[in-house]
Amino acid sequence: MYHVPGIEGLHALRDSLGFIVKAKIPIGRDGRNRPSLFPFGTATGRNAHAKSLYNAHAGLRSFMVFPPDIIGLYADWRTQEVGVAAVLSEDPALLDAYRGGDVYHTLAIDSGLTPDSDRKRWTNNNPEVRARIEALPLWIN
């Protein structure tokens, strides 16, 4: 039913309400949720803790509240590992690729795997190649 305008928003709302109703997020005596971090809990190395807003639907992350005298930051970056590697290595080519918006498309062009300069078209038409390229920066690092 995704061809129906607005249906995705309704699905997101239903998922969000379902999460809120079923949520058993542990809150301490100080009113805070302190989830454990399990960075090796999944095959991809992502955090696997289920009792945290950090792993909830993206729309629910706005429920994070910080006291007025505290600055809170939640960062969910795309290809953050590549961005961190680019900054730490000071590699100008990797920095340019990262700033360009799609590191994997840039790597495909630089590697001679595609002459296609339209990154969206390339991404849509080459999912297998893109998936293989996504692993390269992690292996190289």
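Since the structure is predicted, the reported quantities are computational estimates derived from the model, not experimental observations.

Thoughts on the overall build of the chain
Across its full length, the chain carries six helices and zero strands. Across the chain, helices and strands are ordered from the amino to the carboxyl terminus as α-α-α-α-α-α. The proportion of buried residues among the 141 residues of the chain is 18%. A fraction of 26% describes how many contacts in the chain between residues 6 or more apart in sequence connect residues 24 or more apart.

Structural notes on the pattern of salt bridges
Enumeration according to the criterion identifies five salt bridges in this entry. For the salt bridge of Asp-102 with Arg-130, the shortest nitrogen-to-oxygen distance reads 3.0 Å. Placement of Asp-102 in the loop between helix H3 (92-99) and helix H4 (103-110) and of Arg-130 in helix H6 (residues 127-140) is noted, with a sequence separation of 28 residues between them. Taken as a pair, Asp-102 and Arg-130 share a single burial class, namely buried. Residues joined in a network through salt bridges with shared partners are Asp-102, Arg-130 and Glu-134.

Digging into H4
Since the α-helix turns once every 3.6 residues, residues separated by three or four places project in the same direction. Regarding H4, the residues found buried are Val-103, Tyr-104, His-105 and Ala-108. The N-capping residue of H4, defined by a side-chain oxygen 3.1 Å from the backbone nitrogen of Tyr-104, is Asp-102. Just downstream of H4 lies Gly-112, where phi reads positive at about 80°.

Some details on a nonpolar patch on the surface
On the surface, a cluster of nonpolar side chains totalling about 290 Å² of accessible area is made up of Leu-10, Leu-13 and Leu-17. Mapping Leu-10 onto the fold places it in helix H1 (residues 7-22). A relative accessible area of 52% places Leu-10 in the exposed class.

A closer look at the nonpolar core
In this structure, Val-82, Val-103, Tyr-104, Ala-108, Trp-122 and Ile-133 together form the largest nonpolar core, which totals six residues. Looking at this core, the element that brings in the most residues is H4, giving three residues.

Overview of the confidence of the model for the chain
For the chain, per-residue confidence averages 78 on the pLDDT scale, and residues scoring 70 or more make up 73% of the total. Put simply, H1 is where the chain has its lowest mean pLDDT, 78, and helix H5 (residues 119-125) is where it has its highest, 91.

Scoring rules and cut-offs
- Residue indices follow the written sequence of each chain, beginning from 1 at its first position.
- Thresholds applied to this predicted model are a pLDDT of at least 70 for local features of residues and 80 or more for the giving and counting of side-chain atom pairs; totals over whole chains, interfaces and linings are not thresholded and use all residues.
- No hydrogens and no water enter the side-chain calculation; it runs on all heavy atoms of the structure.
- By definition, any uninterrupted DSSP run of H or I lasting at least four residues is a helix, any uninterrupted run of E lasting at least two residues is a strand, and each is numbered from the N terminus.
- Burial classification: accessible surface area is computed with a 1.4 Å probe over protein chains only, and a residue below 20% of its type maximum counts as buried, one above 50% as exposed, and the rest as partly exposed.
- The contact criterion used is simple: two residues touch if any of their non-hydrogen atoms lie within 4.5 Å.
- Salt bridge, as applied in this entry: a Lys or Arg side-chain nitrogen positioned within 4 Å of an Asp or Glu carboxyl oxygen.
- Here a polar contact means two N or O atoms within 3.5 Å. Within protein one must be a hydrogen donor candidate and the other an acceptor candidate, and residues neighboring in sequence count only if both atoms are side-chain atoms.
- Within the patch definition used here, like charges are joined within 9 Å and nonpolar side chains (Val, Leu, Ile, Met, Phe, Trp, Tyr) within 5 Å, considering only residues with over 30% relative accessible area and no salt bridge.
- For every accessible area listed, the method is Shrake-Rupley and the probe measures 1.4 Å; residues are considered covered only by the protein chains on display.
- Put simply, a nonpolar core is a bunch of buried Ala, Val, Leu, Ile, Met, Phe, Trp, Tyr and Cys residues held in one set by side-chain atoms that sit within 4.5 Å of each other.
- A score between 0 and 100, pLDDT records how confident the predictor is in each residue.

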